[in-house]
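Secondary and tertiary structure notes
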Amino acid sequence: MKSYEAKTLINARKSTVWDIITDGGNYTVWDSGITHISGGLRNGGTIRVRSRTGGNRTFRLRVRQMPGEAMTWTRRLALGLFKGVCTFTLTSHGEKTLLHVRQDLAGPLLGLLWKTLPDIEQAFAEYVNAVKKRAELLSRHEARIHASQGRPQDVSGERSDQPSARDTPPWSRTLLPHDQRWPQPLRLQQDPSKSSW
């Protein structure tokens, strides 16, 4: 049996990291090392993956998940000739998250397949660093959004530094220009030649 692993401590909540590693649709957007992924990245699903280190080879993997905690991607050959299990584990450390990725390889064909396997150790180190970078970027972005929404609010949910609709007279809420908001007095024009005097 052979194993590889990589880990990193990420300055982001566990839920943020979990969302990243289980979002198959975005794996090719960030620098995950995966160039193609299709299928259901969910518990019991099957995915097909191509990686930068694996070239054009597509690996069919079975997914198992313990939501928010751990996920495995498993590849098997018939008759137990080869089995590869990649395990992603998340552990909370206060407001930070430890991401641990480990690949275990076993089976009678391991010696033969070993020569054709890509540099997994380097790929794992790059993967966990890319997850860290993405999670911390998203976490900072979320913090900025929450901070910008932290203005005082009244009970109606409206910002208290802005006038409320209920405090604004009805005539000023019309779409008329500012100088026409007040009703103008009616002026009668009289023809001097038709004077009633």
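These remarks concern the structure in this document. (Residues numbered from 1 in each chain as written. Predicted model: local features only at pLDDT ≥ 70, side-chain atom pairs only at ≥ 80, totals over all residues. Heavy atoms only, no water.)

Observations concerning empty space enclosed by the protein
Under the criterion given, the structure shown has 1 cavity of 30 Å³ or more. Estimated volume of the largest cavity: approximately 570 Å³. Taken together, 26 residues form the lining of the largest cavity, with Ser 51, Phe 59, Gln 103, Ile 120 and Phe 124 sitting closest to its centre. If you list the elements that add at least two residues to the lining of the largest cavity, you get β3 (46-51), β4 (59-66), β5 (70-76), β6 (83-93), β7 (96-106) and α3 (120-148). (1 Å grid on protein atoms, 1.4 Å probe; cavity = no way out; pocket = protein on both sides within 12 Å on 5 of 7 lines; lining within 4 Å. Points joined across faces, edges and corners; volume = space filled by probe spheres on them. Helix = DSSP H or I, 4+ residues; strand = E, 2+ residues; numbered from the N terminus.)

Focus: the sheet that holds β6
Judged by pairing direction, the sheet is antiparallel, and its 7 strands sit side by side in the order β1-β7-β6-β5-β4-β3-β2 without closing on themselves. For this open sheet the edge positions go to β1 (2-10) and β2 (34-39), each flanked by a neighbour on one side alone. Strand after strand, the sheet turns through a mean of 20° between neighbouring axes, direction not considered. Two elements, β5 and β6, share 7 bridges in a ladder whose sense is antiparallel. Across the sheet, residue Ala 70 finds its bridge partner in β6, namely Thr 89. Against the sheet, helix α1 (residues 14-21) touches β1, β4, β5, β6 and β7, its axis set at about 155° to β6. (Pairing = 2+ DSSP bridges. Axes fitted to C-alpha atoms, helices over the stretch in contact; angles between N-to-C directions. Contact = heavy atoms within 4.5 Å.)

Looking at a positive patch on the surface
A cluster of like positive charges, contributed by Arg 48, Arg 60, Arg 62, Arg 64, Arg 76 and Lys 83, occupies part of the molecular surface. Here Arg 48 is to be found in strand β3. With relative accessibility at 38%, the residue Arg 48 sits in the partly exposed group. (Patch = residues over 30% accessible without salt bridge, like charges linked within 9 Å, V, L, I, M, F, W, Y side chains within 5 Å. Areas by Shrake-Rupley, 256 points an atom, 1.4 Å probe, with all protein chains shown as cover. Salt bridge = Lys/Arg side-chain N within 4 Å of Asp/Glu carboxyl O. Lys, Arg positive; Asp, Glu negative; His and termini not counted. Charge placed at Lys NZ, Arg CZ, Asp CG, Glu CD. Buried < 20%, exposed > 50% of the residue type's maximum accessible area, 1.4 Å probe, protein only.)

Side note on the environment of Ile 10
Looking at the element boundaries, Ile 10 is found in strand β1. Since its relative accessible area comes to 0%, Ile 10 is described here as buried. C-alpha separation for the pair Ile 10 and Arg 134, spaced 124 residues apart in sequence, amounts to 9.8 Å. The contact partners of Ile 10, leaving out residues within four places of it in the chain, are Val 17, Lys 96, Thr 97, Leu 99, Val 131, Lys 132, Ala 135 and Glu 136.

A word on the pattern of salt bridges
For the structure shown, the criterion picks out 7 salt bridges. Measuring nitrogen to oxygen at the nearest pair gives 2.9 Å for the salt bridge that ties Asp 104 to Arg 102. The buried category is assigned to Asp 104, whose relative accessible area is 19%. The structure contains a network of salt bridges with shared partners spanning Glu 5, Arg 102 and Asp 104.

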